[in-house]
Amino acid sequence: MLSEIIFNEKIDHELISEILFDFHKNGPVDNNHLETLSYLKKFNFRSFQIYEPRLMFLMGLFYKTKEPNSFLETIYNAYAETIISETGHNFTPVQADAYLSIKKYTNFSFSAPTSAGKSFLFQELIKETQGDIIIILPSRALISEYLIKIKKLVSKDTLVLQFIEVVNIKRTKNRIYIITPERAEELFKNVEKLNVELILLDEAQISEEGIRGMKFDSLVRRIDKKLNNIKKVFTHPFILNPEAQFQKHNITNDIDSEIYNQKTVGKIYIEHSKRKFKYFSPFQDMMGGENLESDIVKDIIRNDGTALIYISKSKIYENSFIESYSEYIELCPEITNKESLKYIEKLEDFLGTKNDTEKNSMLIYLMKRGIVIHHGSIPLKARLIIEDFVNGRHAKVCFSTSTLIQGINMPFDIVWIDNFTFSGNEDQKTLNLKNLIGRAGRVTQEDNHFDYGYVLIESKNKKLFTLRLNKESSISPTSNLDNKTDLNNEDFIDIVEAIKNDTFDSELQLTESQILRIEKADLDDEISFILDNFLSDDRPLTVKEYYVLKDSKRRKIKKAFENMYTAHLRRAELTNGEKNVLSTSIPILLWQIQGKSFAEIISLRHAFLSEKDFRRKLSRRLRNKEISITNYNKQLSEKKVRFSCIAESLPNKGFRTAVPLFNRNTSVVDLEFDKIIYDTYDYIDKVLSLSVKDPISSTLILYFKKSNDVRALILSNYIKYGTNDPTEIWLLKYGFSFEEIEILIDHIEKIDENEILFKSSVNDFISDLDNYRLIERYI
Amino acid sequence: MNITKIDNAGLNKIPIGGCCEINCIHITIKDFRPIVEEFEKHILDTSWINKLDELSQKTFKATTQKTIDKIVNDIIAKISSNVNTDIGEFIISYAAQQALEIEHSHTLIPLAELLKEKVSGNPGFDYHSISKNSYLVFGEAKFSLDSTPRARALEQIVEFIGDRDNSELLWLQPFLDNNTKKNIIDDKKGYAAAFSHNNTDIITTLNNALDSDPVKEIIKFNELYLIAVELC
């Protein structure tokens, strides 16, 4: 509530009694009250302290309470003690109720707002589960976050992997697999070997997301059928009907659902227009807003607070955000703290930008000032470093796109919503908005301390913001699998049908109809051409070798790859744009196969696009005084960057023509290095991993089955795994990355599904703590 | 609970003249546990946590019983704490209301209605009743394990007169009949001061109270009740 009464010198007794009594009866569910409390604390900090101890009891935040000071608090404390004796954990009432429901029912679905403490509940559940756990998550970013947390949480005889492989059998007591719905197929292949006790489906609202939702739904049906008696937990942000997960699939076996709407953090809402800031209330505004005397964002940054600025990806790519937010960026001086600098050093190592004046990375430049950028095209490893940097309180400002919305646990003092575009249908937009503002306000562990944060929006969005904030979201009680979907995009017809009919081949990661199409397509000539020309001594060409090939040959290789890729589609021809993406991905794939690190790949790509050879020659001429400095500068600035098409997920017949990564008139000296980082990662991730590797390597496997040409299998392995070395393939199945394999492989004696046997040299290797942690589960 | 009306004739400090009707009561309570339990039940019945269906009522009951045992034992052993003072004031309020109802036929405003104030911990009167003469009586309760806080109770009343009592009218409104409402408009009302009694002589305590400055203020209104409560 925003009212004159808030700004009085004393806290109004009647008002606070009303709120506390409402919390006693209904719990901390009313956003309006939480907003009022935030204001009361802000403007009457000292007097508010009197109420904070009992507020913590009334809100059920028992981890922030001290000795009870009144009879009422004693009764609440008895609740806290009951929870500990009933659950064995220091849970909030919401966590305790959910925990007990999970224990009691085979199928439990619940919804709870951000910061309800879902992560802590899961942590405790995971710790006490004896058997195997499957955790289904919507994004790989979230998987990485979970992987790191869970590995720290469980003992070393628990295998924790981001895909389902039954390995390290000898040294494993139980297993935790953290996967996306897309990777869950392997579960059913291995189900006999596993002892699944718990399946957690976090952020289960993914069921609403088109094809991904259908994959998720299909998975839910299969686990209900094949793992009927295994405990399953569906969780959602706050939605009205978590039971819809059961209705969608007619699940009736020992089900229960619960909606928890209790919040832990208050919020103050501010609108912004032309550098003017004004309090407003989306719930009850009795004074038509109230102007702020100063710039709240600056105040927060100056007072060591943190700000999240939600902006569009295009603003980040165009760097226009630098100018728009320059006054805030200026408030962040260069970091000198050694601890903070370690993260930057780590990131520079990963990106290869250290002491390299040619690679001007805005990402690094800003991070050195405690400002981070976070979006989906930042390599996952870099993103994790950035997230650690933020969570360790080293960052002051974070510019982020929607990647941050889903789950990732990074709270800020203020969330500024500059970009008001949210994806999905109206329900999803509302959910996404609420998830985003859920980042506002850090939950501290401080006793007797009510936490609140700020949400800042642009005045022009106030109406829509208020509307969405006051609307509850639901998910559909029917599955998209049962809807007669009218897909006007032929590229997705196969996958939808395969999901519906359960005809997806998990080995080849293709649908039956796609396999049939590949088998029917006459690709023998193309494949044998590739095997003859793309492989040399049973290994793929290096990028250098590839570019030494005659143009005609290289064109033929590209064409052959195009045809191999196209064979699984319903259409005969790729668009020009798609062809360009595929062609650009080939050298990147080759660099990967050569074992180049990400830093090396972007460095090579940077050299190529920025005409490094030309620049080097030009420098030599300058040094040899063949040209003047003016001439040198002129030639350099006139030299334009090479064309490269931006990465795009395939297939996408809407991507008709190639879109250049850099404007054609960009001089080689003006090339932005960050764009190469982002685009290269997109190529590795969206194009190669998610679009190209499966159909091409599977096509090769099918050819091998037909022709018995072992080279097809070799190339398939190279494309799928990046290697044909059995030890390396095993190490990949153990969850190691190529960077890790490189430092590890010399110490491996033998490896199979049972265990890794190390050479004695490993003793030296593990004297380094990081190295020890890397392999502690396997020794 | 034993309630004894004290005859005004035995009190030599009863103010002479004026329109205020003064009544004094002495209460002794042997078993106050049921009063604590009633308060506990009331808190439980209204709390959101109780509505969460998976928490075992049985375990919870056992925990609160242990908590209450401790409180009761601490009060008996005269171990002082904020919690004991808080519940002590409730016991005093409860006893005072009972006495007003039984001895003076007052209509009581249920103590449960005060839970809102209890929850916030805001200062205010601790109990309310309507007398036979249709005066709303505002009650203050003060608890102590080893002293007789009658002065604090009376001073508190004086502090609240004209301020707290008026602001409480808003929520008291639905419990008031027309006559009482009319009296309030005419500023006709009463006050009750209940307090722990740990002295040896009740008459001395009451005389001292009657002779104190706050009483001179309070008797400007229509009724005054002095209620001494002994836990034994």
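The model shown is predicted, which means the values in this text are computed figures rather than measured ones. (Residues numbered from 1 in each chain as written. Chains lettered and ligands numbered in written order. Predicted model: local features only at pLDDT ≥ 70, side-chain atom pairs only at ≥ 80, totals over all residues. Heavy atoms only, no water.)

A. View of the sheet that holds strand 10 (residues 290–291) of chain A. Residue and element names in this part refer to chain A. The strand order 10-9-8-15-14-11-13-12 describes an open sheet built from eight strands, whose pairing is mixed. Looking at strand neighbours, the two that pair on one side only are strand 10 and strand 12 (371–374), the edges of this open sheet. Bridging between strand 9 (residues 276–280) and strand 10 involves two bridges; their strand directions are antiparallel. Paired with lysine 278 across the two strands is asparagine 291, which belongs to strand 10. (Pairing = 2+ DSSP bridges. Helix = DSSP H or I, 4+ residues; strand = E, 2+ residues; numbered from the N terminus.)

B. Here's a closer look at unusual backbone geometry. Residue and element names in this part refer to chain A. Looking along the chain, the bond that leaves leucine 650 and enters proline 651 is cis, with omega of -5 degrees. With respect to the secondary-structure elements, proline 651 resides in the loop between helix 28 (629–638) and helix 29 (673–707). In this model, arginine 275 sits at a positive phi of 65 degrees, which is unusual for a non-glycine residue. Position of arginine 275 relative to the elements: it lies in the loop between strand 8 (265–273) and strand 9. Positive phi values are uncommon outside glycine, yet aspartate 502 reaches one of about 60 degrees. Within the secondary structure layout, aspartate 502 lies in the loop between helix 20 (493–501) and strand 16 (504–505). The exposure class assigned to aspartate 502 is partly exposed, which follows from its relative accessible area of 41%. (Buried < 20%, exposed > 50% of the residue type's maximum accessible area, 1.4 Å probe, protein only.)

C. Region of the structure containing helix 9 (residues 210–226) of chain A. All names here are of chain A. With 17 residues, helix 9 extends 24 Å from end C-alpha to end C-alpha; this agrees with the ideal 24 Å at 1.5 Å per step. Every buried residue belonging to helix 9 is among Gly213, Met214, Phe216, Asp217, Ser218, Leu219, Val220, Arg222, Ile223 and Asp224, and all of these are buried. As for helix 9, its buried residues are in contact with strand 2 (132–136), helix 8 (185–190), strand 5 (196–201), strand 6 (231–236), helix 10 (244–247) and helix 20. (Expected span 1.5 Å × (residues − 1). Contact = heavy atoms within 4.5 Å.)

D. Structural context of the pattern of salt bridges. Residue and element names in this part refer to chain A. Enumeration according to the criterion identifies 69 salt bridges over all chains in this entry. A salt bridge links lysine 579 to glutamate 573, with the shortest nitrogen-to-oxygen separation between them at 2.6 Å. Residue classification places lysine 579 among the partly exposed positions, given a relative accessible area of 22%. A relative accessible area of 45% places glutamate 573 in the partly exposed class. (Salt bridge = Lys/Arg side-chain N within 4 Å of Asp/Glu carboxyl O.)

E. A look at the layout of surface pockets. All names here are of chain A. Counted as a void, the second largest pocket has a volume near 1,400 Å³. Contributing to the lining of the second largest pocket are 49 residues, with Ser119, Phe120, Glu145, Lys149 and Asn409 lying nearest its centre. The set of elements that each furnish at least two residues to the lining of the second largest pocket consists of helix 6 (118–128), helix 7 (140–153) and helix 17 (380–391). Broken down by element, the lining of the second largest pocket gets its largest block of residues, eight residues, from helix 7. Looking at the lining of the second largest pocket, its residues break down into 19 nonpolar, 19 polar and eleven charged. (1 Å grid on protein atoms, 1.4 Å probe; cavity = no way out; pocket = protein on both sides within 12 Å on 5 of 7 lines; lining within 4 Å. Points joined across faces, edges and corners; volume = space filled by probe spheres on them. Nonpolar A, V, L, I, M, F, W, Y, C, P; charged D, E, K, R; others polar.)

F. Helix 29 of chain A, seen in detail. Residue and element names in this part refer to chain A. An ideal rise of 1.5 Å per residue puts 51 Å on 35 residues; helix 29 reaches only 45 Å between its terminal C-alpha atoms. In the structure, helix 29 departs most strongly from a straight axis at valine 692, where the bend amounts to approximately 50 degrees and where the proline proline 695 lies between one and four residues downstream. In terms of burial, helix 29 is largely enclosed, as 27 of its 35 residues are buried. (Bend = angle between axes of the 7 residues up to and from the residue.)

G. Geometry of the sheet that holds strand 3 (residues 158–161) of chain A. All names here are of chain A. Across the sheet, which stays open at both edges, the seven strands sit in the order 3-4-2-5-6-1-7 with parallel pairing between neighbours. Sheet topology places strand 3 and strand 7 (255–259) at the edges, where each strand pairs with a single neighbour. Each adjacent strand pair in this sheet contributes to an overall mean axis angle of 10 degrees, direction not counted. Here strand 1 (residues 107–111) pairs with strand 6 via five bridges, running parallel. From the neighbouring strand, serine 109 faces strand 6, where its bridge partner is phenylalanine 234. Contacts between helix 6 and the sheet are confined to strand 1, strand 2, strand 4 (174–179), strand 5 and strand 6, with strand 6 contributing the most and set at about 165 degrees to the helix. (Axes fitted to C-alpha atoms, helices over the stretch in contact; angles between N-to-C directions.)

H. Molecular detail of the interface of chain B and chain A. Listed by partner, the interface residues are 36 residues for chain B and 46 residues for chain A. When chain B packs against chain A, the two sides together hide about 3,400 Å² of surface, and 64% of this comes from carbon and sulfur. For the pair chain B and chain A, the number of links is three salt bridges. A salt bridge links glutamate 54 of chain B to lysine 104 of chain A; the nearest nitrogen and oxygen atoms lie 3.2 Å apart. (Buried area = accessible area lost by both parts, 1.4 Å probe.)

I. Main features of the packing of aromatic side chains. Enumeration over the complete set of coordinates arrives at 45 aromatic pairs over all chains. Consider the rings of tyrosine 79 of chain A and phenylalanine 60 of chain B, whose centres lie 4.2 Å apart with planes at 10 degrees: the pair is stacked. With one member in each of two chains, tyrosine 79 of chain A in helix 4 (residues 71–87) and phenylalanine 60 of chain B in helix 2 (residues 57–76) form a pair that bridges those chains. The two residues tyrosine 79 of chain A and phenylalanine 60 of chain B agree in class, both being buried. What links up through ring pairs into an aromatic cluster is the set Tyr269, Phe280, Phe283, Tyr310, Phe420, Phe422 and Phe465 of chain A. Here the guanidinium or amino end of lysine 226 of chain A rests over the ring plane of phenylalanine 188 of chain A, the centre of that ring lying 5.3 Å away. Directly above the aromatic system of tyrosine 365 of chain A lies the positively charged group of arginine 369 of chain A, at a separation of 4.0 Å from the ring centroid. (Phe/Tyr/Trp six-rings, centres within 6.5 Å; stacked < 30°, edge-to-face > 60°. Lys NZ or Arg CZ within 6 Å of the ring centre and 35° of its normal.)

J. Region of interest: the pairing of strand 20 (residues 748–751) of chain A. All names here are of chain A. Across three bridges, strand 20 lies against strand 21 (residues 756–758) in antiparallel orientation. Along strand 21, the bridge assignment pairs isoleucine 751 with isoleucine 756. In sequence, strand 20 turns back onto strand 21 through a hairpin of four residues.

K. A look at the nonpolar core. Ranked by size, the top nonpolar core spans 275 residues in total, and within it Ile135, Ile178, Val297, Ile417, Phe465 and Phe534 of chain A together with Ile227 of chain B carry the most contacts. The biggest single contributor to this core is helix 29 of chain A, with 15 residues. Setting aside chain neighbours within four positions, we find valine 297 of chain A in contact with Phe277, Ala307, Tyr328, Ile414, Trp416 and Leu456 of chain A. Core analysis: the next-biggest nonpolar cluster, separate from the first, contains 45 residues, Ile206, Leu744, Ile748 and Tyr778 of chain A among them. (Core = buried A, V, L, I, M, F, W, Y, C linked by side-chain atoms within 4.5 Å.)

L. Examining the state of the cysteines more closely. A complete count under the given rule lists zero disulfides over all chains for this structure. Unpaired in this structure, cysteine 332 of chain A has its nearest cysteine sulfur neighbour in cysteine 398 of chain A, at a distance of 12 Å. Left without a disulfide partner, cysteine 24 of chain B is nearest to the cysteine sulfur of cysteine 20 of chain B, which lies 10 Å away. (Disulfide = S-S within 2.5 Å.)

M. Up close: the confidence of the model for chain B. Averaged over all residues, the pLDDT of chain B equals 94, while 100% of them reach at least 70. Predicted complex, confidence summary: ipTM 0.94, pTM 0.92. (pLDDT = per-residue confidence, 0-100.)

N. A look at the packing of helix 22 (residues 524–533) of chain A against helix 24 (residues 551–566) of chain A. Residue and element names in this part refer to chain A. At a closest axis distance of 9 Å, the pairing of helix 22 and helix 24 adopts a crossing angle of 135 degrees. Relative to helix 24, the element helix 22 is oriented oblique. Between helix 22 and helix 24 lies a crossing of left-handed hand. Contacts from Glu526, Ile527, Phe529, Ile530 and Asn533 in helix 22 reach Lys553, Lys556, Ile557, Ala560, Phe561, Asn563 and Met564 in helix 24. Within the contact of helix 22 with helix 24, the residues separate by chemical class into seven nonpolar, two polar and three charged. (Parallel < 35°, antiparallel > 145°, perpendicular 65-115°, else oblique. Left-handed = near helix turned anticlockwise from the far one by under 90°.)

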